[in-house]
Amino acid sequence: MLQPPGCRLHRTGCQRGSLVLMLLLLLHCSLKASQAAKPKGPGHTHLNSIRIDGDISLGGLFPVHARGHDGKPCGELKKEKGIHRLEAMLFALDRINNDNNLLPNITLGARILDTCSRDTHALEQSLTFVQALIEKDGTDVKCLGGGAPIITKPERVVGVIGASSSSVSIMVANILRLFKIPQVSYASTAPELSDNTRYDFFSRVVPPDTYQAQAMVDIVKAMRWNYVSTVASEGNYGESGVDAFIQKSREDGGVCISQSVKILREAKQGEFDKVIRRLRENPNARVVILFANEDDIRRLLHAAKKANQTGHFIWVGSDSWGSKISPVLQQEEMAEGAVTILPKRQSIRGFDRYFISRTLENNRRNIWFAEFWENNFNCKLSRHALKKGSGLKKCTNQERIGKDSSYEQEGKVQFVIDAVYAMAHALHNMHQELCPGKVGLCPKMDPINGTLLLKHIRRLKFSGIAGNPVLFNENGDAPGRYEIYQYQIRNRSAEYKIIGHWTDQLHLNVRSMQWPGGVRQIPTSICSQPCQPGERKKIVKGIPCCWHCERCDGYQYQADTYTCKMCRFDLRPNENHTGCVQIPIVKLEWSSPWAVIPVLIAVVGIMATLCVVLTFIRYNDTPIVKASGRELSYVLLTGIFLCYATTFLMISAPDVGICSLRRIFLGLGMSISYAALLTKTNRIYRIFEQGSMSVSAPRLISPASQLVITFTLASVQLLGVCIWFGVDPSQAIIDYEDQRTSNPVLARGVLKCDISDLSLICLLGYSMLLMVTCTVYAIKTRGVPETFNEAKPIGFTMYTTCIIWLAFIPIFFGTSQSTDKMYIQTTTLTISVSLSASVSLGMLYMPKVYVVLFHPEQNVPKRTRSLKAVVTAATMSNKFNPKASLRPNGEAKTELCESLETQTFPTKQTYISYSNHAV
């Protein structure tokens, strides 16, 4: 019965404390639902709802229509997501009411509403569920005439099945919890609904998006995608789903978000074009994670198709896409390759038989079925609705679902049925607890306690319509079980193909997957290409999946993905800089040109030295050999031999023995040579210096004295070497800095003795001192006529030697930075030593050998004169007759000399004999 017109709210006494209840009362008076009479039979329509009478009434919320536009609350009909799911609830109610074992003698009724896919509209509609609770007290409502109002009491809803969208479920759950009405959803998966402190009366037979997000992250990682974009519909489902995906991807690591785009609730087509443009800003991010409602998915695919992006984007859709046909209808190529996820389900054959058998005649309880009929068969029930040229026909009522139109069971049908059965089982268990042995409802269940009913719902564990267990955790969530689908086109026929499943972990059949264009190779969606071996990743700030590849250059190797490290001093990087290898060890080889030339010179020098020695031994008693000072000559030849032999020590492979011999003999040969030459020049200088002042012979000019002086000078070198051995024992080392070039490929370790450049200078320093001193004496005796001993040949020898060593110093030290330092310095040193020996050998001994071997007539004894006669003759010859030295055979022809030719001296006096070569 209708309420009288003019009915209004009237506040008497103090105001009600609950603002929510006042708001609900205000909305209730504005609803036309409160003005309609109670139907008299089952199946009678009540405004935009279906009302089925029963002992216990359940509410139902379904998106029968899409969201409206241009100010309209509702849009076009949803055949699958709306009608299929609604009919699944009716199918479940029929089964339960016909089941004698479940709620026997108790009939379940229903009040089913259309949410129009809009949370605000759903909230307005759901006030119907709480009318019976908020209109218990009618004392505040009076009529203008003063009479008592006539109020139609609505049926009491004890529980609600729904809603589909998470945003709708959240909005409705906030109202239902105030009135302690349990709610079981068949499709809402937003993680927010798991908050048992805010949505304590909410439960669901589908797993929350936290499981779904984890499954999607696992899919992305299995495909080796690390750079993706996300698109969410505005509202709890989309935004919470994307948030859960982002959180899971951060926890697991390895996945970065390129763009995170939100589709507004009332978005126009231009907004979808903007979304596509934003997704195209990073062309490397081809994979798009979708947590969007069905309408937004369809319009997004349309925008991508309009932007000619077919085959570019790889869609990964949540369960709102699942295996639905409507989002991909007439844009199959745009959706090809899409990977979607859906809670694990089975097609319910009993529902198929039920739904296919529905007609306009046997399904009058569904007030939207006639609209579905027109939409499904593309016809009109009313002839007046037909327009010319529209291509529509009049419905004959002879059409049949599945025969005259395509039919495929919607994916959530199983969960709608399970949700209804969950409510029925909870009521059944509650009835057995409160009304044991009684038929029908007992007083304890009138009214039904919502809190107790919720407890029974949370305790449930039964086998669902498909055989899967139905149960809830402490937050009212179902366990996560998903099937993975891919939308594939084969032979121009498109279908959703199951490619795997997820239950705590992913099981994916990659071989069965197919990508846009029929390609089998997995497409890439990465920010940066993998770095090559030997390259490190330099992460872009704030985007761990994006990096620049930097080569580990020089002596660096790739220690790990992000780090280059220097190789150890004795190592160099391998070819691709992924590790270090031993630096090759080099030494001066005998076959090297740097060694062949010094060895050749040394061999020739040694042979020449041996020839001189053998000649002197053979002609040891001849005047020239005697006059040359045999003792010092053999010592000098020994030093020359050692100088040549040093070449072989310098080229031999260094070890402790070789290095020790180098220390000893490198300076020793030169020290012996220059000590002998110094002794000779010093003797000549002292003789003529003494002769100019006195007729007595100088001290220490005998052969024995000369040998003592020579060995004393040479022993200083040996003493220095011995001290060096004590301070720093000799050893062979590998010098990795000597040939450490900027290009590691050319780097070499040099095997050498531990003799530094400074040590070498010290080693040769004493020999240089002897050489300089000898040169000084050679200069001082330059005025002595060449008839008297070897002063001038010694002088020429020392001048030449000084020139050699002056050239050696800049060559040796000027190449210290060269990569061929070892070769240049070793060759320079050995050749310099050999040349010094060769100069001494050539200038001092080759003329004598030549005379001995080829002019024996000149190798005859000369007359002997006294010291005073010799000195006086030499002095006077130089003073009065400078050309005396040019006489044949070098004789000083003076009166004094001739008269003293046969003079002899006492045995204890010192005699100085001379010939053309020596004194």
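Everything numeric in this text was worked out from a predicted model, so none of it was measured.

Engineer: Explanation requested: the overall build of the protein chain in the structure shown.
Structural biologist: Of the regular secondary structure elements, the protein chain holds 25 helices and 31 strands. Counting all 919 residues of the protein chain, 51% fall into the buried class. Of the contacts formed within the protein chain by residues at least 6 apart in sequence, a portion of 69% connects residues at least 24 apart. Total accessible area computed for the protein chain in this model is approximately 42400 Å², and 55% of it derives from carbon and sulfur atoms.

Engineer: Teacher, can you tell me more about the nonpolar core here?
Structural biologist: Counting residues in each nonpolar core, the largest one holds 68 residues, and the members touching the most others are M89, L108 and L427. Broken down by element, this core gets its largest block of residues, 14 residues, from helix 13 (residues 413–434). Discounting chain neighbours no more than four positions away, the residues touching M89 are L58, G59, G60, F62, A110, I112, I161, V416 and V420. Counting residues in hydrophobic clusters, the runner-up holds 49 residues, among them L637, L666, A675 and W724.

Engineer: Looking at this structure, I do not really get the packing of aromatic side chains. What am I missing?
Structural biologist: Working definition: an aromatic ring pair is given by the centre-to-centre distance plus the angle between the planes. Considering all chains together, one arrives at 23 aromatic pairs under this definition. Ring centres of F369 and W373 lie 5.8 Å apart, and the angle between their planes is 50°; on these two criteria the pair is classed as tilted. Linking F369 with W373, this pair stays in helix 12 (residues 369–377), spanning four residues, or about one helical turn. In terms of burial, F369 and W373 fall into one category: buried. Centroid distance W594 to Y823: 6.3 Å. Interplanar angle 25°. Geometry classified as stacked. Note that W594 is positioned in helix 15 (residues 593–618) and Y823 in helix 22 (residues 821–844), a separation of 229 residues in sequence. Linked through ring pairs, F91, F351, Y354, F355, F369, F372, W373, F377 and Y407 together constitute an aromatic cluster. One Lys or Arg, R740, reaches over the ring of Y555 and ends 3.9 Å from the middle of that ring.

Engineer: I tried to follow the sheet that holds strand 13 (residues 287–291) on my own but got confused; where do I start?
Structural biologist: Ordered by their spatial adjacency, eight strands build an open sheet running 12-11-13-14-15-20-21-22, and the pairing between neighbours is mixed. Each edge of the sheet is formed by a strand with only one pairing partner; in this case those strands are strand 12 (256–263) and strand 22 (506–508). Going across the sheet, the axis of each strand differs from the next one's by a mean of 25°, ignoring polarity. In this sheet, strand 22 lies alongside strand 21 (residues 493–502) in antiparallel orientation, the contact comprising three bridges. Among the inter-strand pairings, W502 is bridged to a residue of strand 22, identified as L506. Running over the sheet, helix 7 (residues 236–252) touches strand 11 (227–233), strand 12 and strand 13 and is turned about 155° from strand 11. In this fold helix 9 (residues 294–306) packs onto strand 11, strand 12, strand 13 and strand 14 (314–317), with an angle of close to 175° to the strand it touches most, strand 14.

Engineer: Mind showing me how you'd approach the pattern of salt bridges here?
Structural biologist: Side chains carrying opposite charge are able to pair once their charged atoms draw close together. Tallying each qualifying case throughout the model produces 23 salt bridges. Of the charged contacts, one joins R298 and D295 as a salt bridge, the two residues approaching to 3.9 Å between their closest N and O atoms. Here R298 pairs with D295, and both are found in helix 9, just three residues apart, close to one helical turn. Across the pair E374 and K380 runs a salt bridge, and its minimum N-O distance is 3.9 Å. Here K380 falls in the partly exposed class, since its relative accessible area comes to 25%. Among the ionic contacts, a cluster of salt bridges with common partners joins E76, K78, D295 and R298.

Engineer: Looking at this structure, I do not really get the state of the cysteines. What am I missing?
Structural biologist: Tallied over the full model, the rule gives nine disulfides. For C74, the disulfide goes to C116, at an S-S distance of 1.6 Å. Judged by the torsion about the S-S bond (75°), the C74/C116 disulfide is right-handed. On the criterion of sequence distance, the pair formed by C74 in strand 5 (residues 74–77) and C116 in the loop between strand 6 (108–114) and helix 3 (119–126) is long-range, its members being 42 residues apart. Taking the relative accessible area as the measure of exposure, C116 reaches 1% and is therefore buried. Each sulfur of the disulfide joining C531 and C549 lies 2.0 Å from the other. The sign of the -95° torsion about the S-S bond sets the C531-C549 disulfide as left-handed. Of this pair, C531 sits in the loop between strand 22 and strand 23 (535–540) while C549 sits in strand 24 (residues 543–551); the two residues are 18 residues apart in sequence, bridging distant segments of the chain.

Engineer: Just checking my understanding: could you explain helix 13 for this structure?
Structural biologist: Since there are 3.6 residues in each turn of an α-helix, residues three or four apart along the chain are aligned in direction. Between the first and last C-alpha of helix 13 there are 32 Å, a value that for 22 residues agrees with the 32 Å anticipated at 1.5 Å per step. Of all 22 residues that make up helix 13, 18 are buried, and the element is covered over most of its length.

Engineer: How should I be thinking about the confidence of the model for the protein chain in this particular structure?
Structural biologist: The predicted coordinates ought not to be read in detail in places where the model reports low pLDDT. Of all residues in the protein chain, 83% have pLDDT values of 70 or greater, and the mean over the chain is 82. The lowest-confidence element of the protein chain is helix 25 (residues 895–899), averaging 30 in pLDDT; the highest-confidence one is strand 9 (residues 183–185), averaging 97. A low-confidence stretch, residues 876–919 (pLDDT under 50), is modelled with 75 contacts involving residues beyond four sequence positions or located in other chains.

Engineer: Looking at this structure, I do not really get the side chain of D119. What am I missing?
Structural biologist: Residue position: D119 is located in helix 3. Here the side chain of D119 touches R265 through a polar contact of 3.2 Å, side chain to side chain. Excluding anything up to four places from it in sequence, D119 contacts S167, V168, M171 and R265.

Engineer: Explanation requested: the environment of N509 in the structure shown.
Structural biologist: Within the secondary structure, N509 sits in the loop between strand 22 and strand 23. Linking N509 and I498, residues 11 residues apart in sequence, is a C-alpha distance of 9.0 Å.

Engineer: What exactly am I supposed to notice about the pairing of strand 6 here?
Structural biologist: Side chains on a regular strand alternate between the two faces of the sheet. The buried fraction of strand 6 is high, at seven of seven residues. Sheet analysis places strand 2 (residues 49–52) next to strand 6, joined by four bridges and oriented antiparallel. In the sheet register, I50 faces strand 6, and the bridge partner there is I112. Bridge analysis of strand 3 (residues 56–62) against strand 6 gives seven bridges, and the strand direction is parallel. The residue of strand 6 that forms the bridge with L58 is A110.

Engineer: Mind showing me how you'd approach the packing of helix 2 (residues 79–97) against helix 12 here?
Structural biologist: Axes are the key here: two packed helices are described by the angle between their axes and the distance separating the axes. Put simply, helix 2 and helix 12 touch, their axes get as near as 11 Å, and they point 135° apart. In this view, helix 2 runs oblique relative to helix 12, as classed from their interaxial angle. Crossing geometry of helix 2 relative to helix 12 is assigned as left-handed. Residues K79, I83 and E87 of helix 2 pack against F369, F372, N375 and N376 of helix 12. Per-class residue counts for the contact of helix 2 with helix 12 are three nonpolar, two polar and two charged.

Engineer: So what exactly am I meant to see when it comes to the environment of C567 here?
Structural biologist: In this structure, C567 sits in the loop between strand 26 (563–566) and strand 27 (571–573). The class for C567 is buried, based on a relative accessible area of 7%. Taking the C-alpha atoms as reference points, C567 and C580, separated by 13 residues in sequence, lie 6.0 Å from one another. If we ignore the near neighbours within four places in the chain, the residues touching C567 are Y555, Y557, R572, P573 and C580.

Engineer: Even after reading the chapter, I still don't get the sheet that holds strand 31 (residues 748–753), so can you show me in this structure?
Structural biologist: Remark on secondary structure: sheet strands pair via backbone hydrogen bonds, oriented parallel or antiparallel. Strands sit in the order 29-31-30 across an open sheet of three strands; the sheet is mixed. Each edge of the open sheet is held by one strand with a lone partner, namely strand 29 (585–586) and strand 30 (732–739). In this sheet, strand 31 lies alongside strand 30 in antiparallel orientation, the contact comprising five bridges. Opposite A732, over in strand 31, you have C753 as the bridge partner. The sheet contacts of helix 22 involve strand 29, strand 30 and strand 31, and relative to strand 30 the element is tilted by about 120°.

Engineer: Where do I start with the packing of helix 2 against helix 13 in this structure?
Structural biologist: One way to put it is that helix 2 packs onto helix 13 with a least axis distance of 8 Å and a crossing angle of 40°. Our classification of the angle between helix 2 and helix 13 gives oblique. The handedness of the crossing between helix 2 and helix 13 is right-handed. Each of H84, R85, A88, M89, F91, A92, L93, R95 and I96 in helix 2 lies in contact with helix 13, whose residues at this interface are V413, V416, I417, V420, Y421 and A424. Of the residues contributing to the contact of helix 2 with helix 13, the split by class is 12 nonpolar, one polar and two charged.

Rules and cut-offs
- Residues numbered from 1 in each chain as written.
- Predicted model: local features only at pLDDT ≥ 70, side-chain atom pairs only at ≥ 80, totals over all residues.
- Heavy atoms only, no water.
- Helix = DSSP H or I, 4+ residues; strand = E, 2+ residues; numbered from the N terminus.
- Buried < 20%, exposed > 50% of the residue type's maximum accessible area, 1.4 Å probe, protein only.
- Contact = heavy atoms within 4.5 Å.
- Areas by Shrake-Rupley, 256 points an atom, 1.4 Å probe, with all protein chains shown as cover.
- Core = buried A, V, L, I, M, F, W, Y, C linked by side-chain atoms within 4.5 Å.
- Phe/Tyr/Trp six-rings, centres within 6.5 Å; stacked < 30°, edge-to-face > 60°.
- Lys NZ or Arg CZ within 6 Å of the ring centre and 35° of its normal.
- Pairing = 2+ DSSP bridges.
- Axes fitted to C-alpha atoms, helices over the stretch in contact; angles between N-to-C directions.
- Salt bridge = Lys/Arg side-chain N within 4 Å of Asp/Glu carboxyl O.
- Disulfide = S-S within 2.5 Å.
- Expected span 1.5 Å × (residues − 1).
- pLDDT = per-residue confidence, 0-100.
- Polar contact = N/O pair within 3.5 Å; in protein donor to acceptor, adjacent residues only side chain to side chain.
- Parallel < 35°, antiparallel > 145°, perpendicular 65-115°, else oblique.
- Left-handed = near helix turned anticlockwise from the far one by under 90°.
- Nonpolar A, V, L, I, M, F, W, Y, C, P; charged D, E, K, R; others polar.

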